[in-house]
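Topology and contacts: notes
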Amino acid sequence: MAEIKVLPGLIADKIAAGEVAERPSAVVKELVENSIDAGATKISVEIRNGGIKYISVEDNGKGIKKDEIETAFLRHATSKLREIEDLEKIRTMGFRGEALASISAVAQVEVISKTADAPSGTYMKVERGIAQPKEDIACNNGTIMVVENLFENVPARMKFLKKDSTEAGYISDVVSRIAMAHPEIMIKMTVDGKELFSTNGDGDIKNVVLNVYGIDYAKALIEVDYKEGPVHITGVIGKPEIVRGNRSRQTIFVNKRYIKNYGVAKVAEEAYRNAVMVGKFPFFVLNIDLPSELVDVNVHPAKTEVKFANEKELMEAVYHSVKNALFKDTTPEKVQEKKSEEVKPEPENNTVQFRMNFKSNFKREEAPKKEIENLLSYTVREETAEEKSEKDFEEILEIVEEKEPEIPVKLVGQLFDTYILYEQGENFFLLDQHAGHERLRFEKLKEDYINKKKFGQVLMIPVVMNVTLSEMEIIKEYSEYFDRMGFEIEEFGNDGIVIRQTPIITDDNEIKALVSEIVTAFDEKKKMAFADREEAALDMISCKYAIKANHKLTSYEMEDLILRVNELKDKGITTCPHGRPIQVQYTKTEIEKMFKRIV
Ligand code: ADP
Ligand code: MG
């Protein structure tokens, strides 16, 4: 076992001074991380009054030797490194030998600890940084740290604390995130005498999610396991239906240490685009394993903010890890289920499906990287650009023909000039005409765009628009893409453009708005893959084009929309490009229950 050493002055000086114990949750984090570093497989955290009155962290780790207990409380005392070369590692792994010293300076700390080879344990109290005489005590192997009356001697810090319940919330948040990073450790959290959660340490992160966030989350998880170069990303993500109005349930670890990094979170969210509504945040727990030399050493003292070397590569890996997992999950079941059977000769009437299976496997395992990237940039897409040929179309048609006879659709009518109502068998549907049409347009535009099929309409009267210098630069830089999207744009003086052709015919102001929205989408300051910026631009066009709400439709138009929306549904597409549902469905039984015809 490594002995605790006091860091030489040089290292001590090189380490940025920073307050470790800024609030109770930071104290808990340090203590629990120490338990993990000590190899604990069982950790129990208990707090009272938001941790201000009482924090106890008990573990079954390797313990601290009797003659090293005082040293552990010295500033820059750590058993976790000895040489200056290790400094980079210290910062990434959080070994700075500061926590116990800082905590004991602002609270009363009691420690009980026993190493496996010691006949008995040791008890020591440290009050405002001063160690009291040690005593022998009977106890289990491991360590108990009790921190009481935090910040009692630092009124300024006290004032800065929030309500007990809020602080307790911060603490349970920290502990639950650590629990998710360490499914192999049993972690119990008790708040004011009540057990908040406990994990079973069976190594399955899904069980941790179940214990911490409950069954709704546990039911909607998709596993992530993705390697790219030196980066290995693992964890779970929530299906698009598990969203919140904020990021409180997004967790990112680097080498199993919880970090905060807006960039990473943003990129992971990007992977959900078109599947999750704007303003909603998906659930994910991602651990990024990467060599510590790729983590920037300028970390915040609280160790939650990090910077990465090769940030771009890392972001791409994060993006693909999530997109990949989502994609696998949305691949139509039929194709997934059949996968295992593909080597057996298929009965004749199954040839089409067989081909589909073969193709989907081919795509997943053998397609060149570029193709996979293209493929992954669409959540529910099956085909890559190259494969999107007439032949595919035939296959889809064949499959449609092969399906069991469709239950006929009966149109009921239009509600508020916005929703199409219809029944099919025992089900009643409400279809949002704008959402449905927008998605259809979007899919079509995307297809044409990928196949470089020209679209666009020449304007009778060109539109002149003023642009800023930076907008002009983006328009020039991406002129090829504007062309492909059906625009014809020329420079006009030094602060203007002339728009001669557009993908859709609409009024001048809408055209101008569209161009400036696309310019914004193309702006590479948005930290997303270019394919996604292109997709965002196509989405803007389809939104402008689509039938609006408050628009009367004929029966024929409504029937056509129902039919086409349900074709999308068969492909697994059920939302508009912003992630809003296209239709909602009630069963006859549900409606009968509403009217209390049945119970
Ligand atoms: P650091 O964790 O950066 O080394 P700390 O001040 O948090 O610094 O802890 C100082 C030392 O005390 C650790 O290096 C470790 O040797 C010892 N220690 C602290 N907590 C525990 C624990 N729960 N089990 C075993 N050793 C511990
Ligand atoms: Mg520590």
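The structure reproduced in this document is the subject of the present report. (Residues numbered from 1 in each chain as written. Chains lettered and ligands numbered in written order. Predicted model: local features only at pLDDT ≥ 70, side-chain atom pairs only at ≥ 80, totals over all residues. Heavy atoms only, no water.)

**Brief notes about the overall build of the protein chain**
For the protein chain, the count of helices and strands is 22 helices and 27 strands. Here the protein chain, with 599 residues, has 49% of them falling under the buried criterion. A fraction of 68% describes how many contacts in the protein chain between residues 6 or more apart in sequence connect residues 24 or more apart. When the accessible surface of the protein chain is split by element, carbon and sulfur atoms take 52% of a total near 29,900 Å². (Helix = DSSP H or I, 4+ residues; strand = E, 2+ residues; numbered from the N terminus. Buried < 20%, exposed > 50% of the residue type's maximum accessible area, 1.4 Å probe, protein only. Contact = heavy atoms within 4.5 Å. Areas by Shrake-Rupley, 256 points an atom, 1.4 Å probe, with all protein chains shown as cover.)

**A short note on the sheet that holds strand E22 (residues 419-424)**
Overall, antiparallel pairing links the four strands, which are arranged E21-E22-E23-E27 in an open sheet. At either margin of the open sheet sits one strand with a lone partner, and together these are strand E21 (409-415) and strand E27 (583-587). Taken over all neighbouring pairs, the strand axes of this sheet differ in orientation by 20° on average, direction set aside. Bridge count between strand E23 (residues 427-432) and E27: five bridges; the pairing is antiparallel. Residue pairing in the sheet places asparagine 427 in a bridge with threonine 587 of E27. Against the sheet, helix H16 (residues 433-450) engages E21, E22 and E23, with an angle of about 70° to E23. (Pairing = 2+ DSSP bridges. Axes fitted to C-alpha atoms, helices over the stretch in contact; angles between N-to-C directions.)

**Considerations on the sheet that holds strand E25 (residues 488-492)**
Judged by pairing direction, the sheet is antiparallel, and its three strands sit side by side in the order E24-E26-E25 without closing on themselves. Bordering the open sheet on either side are strand E24 (457-466) and E25, each of which pairs with just one other strand. Strand after strand, the sheet turns through a mean of 20° between neighbouring axes, direction not considered. As paired elements, E24 and strand E26 (residues 496-502) share six bridges and run antiparallel to each other. Counted as the bridge partner of valine 464 is valine 498 from E26. Taken strand by strand, helix H19 (residues 508-522) contacts E24 and E26, and its axis lies near 65° from that of E24.

**Concerning the packing of helix H7 (residues 164-181) against helix H8 (residues 205-213)**
Relative orientation of the contacting elements H7 and H8 amounts to 160°, with a least axis distance of 9 Å. For the element pair H7 / H8, the angle class is roughly antiparallel. The hand of the H7/H8 crossing is right-handed. Contacts between H7 and H8 pair Ser176, Ala179 and Met180 from the former with Ile205, Val208, Val209, Val212 and Tyr213 from the latter. Of the residues belonging to the contact of H7 with H8, the class tally is seven nonpolar, one polar and no charged. (Parallel < 35°, antiparallel > 145°, perpendicular 65-115°, else oblique. Left-handed = near helix turned anticlockwise from the far one by under 90°. Nonpolar A, V, L, I, M, F, W, Y, C, P; charged D, E, K, R; others polar.)

**Let's talk about the packing of aromatic side chains**
The geometry of two aromatic rings is summed up by the distance between their centres and the angle between their planes. For the structure shown, the criterion picks out eleven aromatic pairs. Considering the side-chain rings of tyrosine 217 and phenylalanine 283, the 5.1 Å spacing of their centres and the 70° angle between planes classify their relative orientation as edge-to-face. With tyrosine 217 in helix H9 (residues 215-219) and phenylalanine 283 in the loop between strand E17 (281-282) and strand E18 (284-289), this pair connects stretches of sequence that are 66 residues apart. In this structure, tyrosine 217 and phenylalanine 283 share a single accessibility class: buried. (Phe/Tyr/Trp six-rings, centres within 6.5 Å; stacked < 30°, edge-to-face > 60°.)

**As for the pattern of salt bridges**
On inspection of all chains with the given rule, the structure shows 26 salt bridges. Note that aspartate 204 and lysine 206 form a salt bridge whose closest N and O atoms lie 3.5 Å from each other. A relative accessible area of 29% places lysine 206 in the partly exposed class. The closest approach of N and O atoms between glutamate 491 and lysine 476, which form a salt bridge, is 3.8 Å. Here lysine 476 lies in helix H17 (residues 469-477) and glutamate 491 lies in strand E25, a separation of 15 residues in the sequence. Taking relative accessible area as the criterion, glutamate 491 reaches 49% and is therefore assigned partly exposed. (Salt bridge = Lys/Arg side-chain N within 4 Å of Asp/Glu carboxyl O.)

**Considerations on H8**
Where H8 is concerned, the buried positions are Ile205, Val208, Val209, Val212 and Tyr213. For H8, the angular spread of the buried residues around the axis is 100°, confining them to a single face. For H8, the side-chain oxygen to backbone nitrogen distance between the N-cap and lysine 206 is 2.9 Å, and the N-cap itself is aspartate 204. Taken from the residues just after H8, glycine 214 is the one with a positive phi, measuring 95°. (Arc of directions from axis to C-beta. Polar contact = N/O pair within 3.5 Å; in protein donor to acceptor, adjacent residues only side chain to side chain.)

**Here we look at the environment of threonine 166**
Among the secondary structure elements, threonine 166 is positioned in helix H7. On the basis of relative accessible area, threonine 166 is assigned to the partly exposed category, the value being 25%. Remark: the alpha-carbon pair of threonine 166 and asparagine 49, spanning 117 residues in sequence, is separated by 9.9 Å.

**Some thoughts on the side chain of arginine 177**
The topology assignment puts arginine 177 in helix H7. Here the side chain of arginine 177 touches serine 248 through a polar contact of 2.9 Å, landing on its backbone oxygen. Apart from the residues within four sequence positions on either side, arginine 177 is in contact with Ser248, Gln250, Thr251, Phe253 and Tyr258.

**With respect to the state of the cysteines**
With the rule as written, the count across this model stands at zero disulfides. You can see cysteine 543 has no disulfide; the closest cysteine sulfur is in cysteine 576, sitting 8.0 Å from it. Residue cysteine 543 is classed as partly exposed on the basis of its relative accessible area, which comes to 27%. (Disulfide = S-S within 2.5 Å.)

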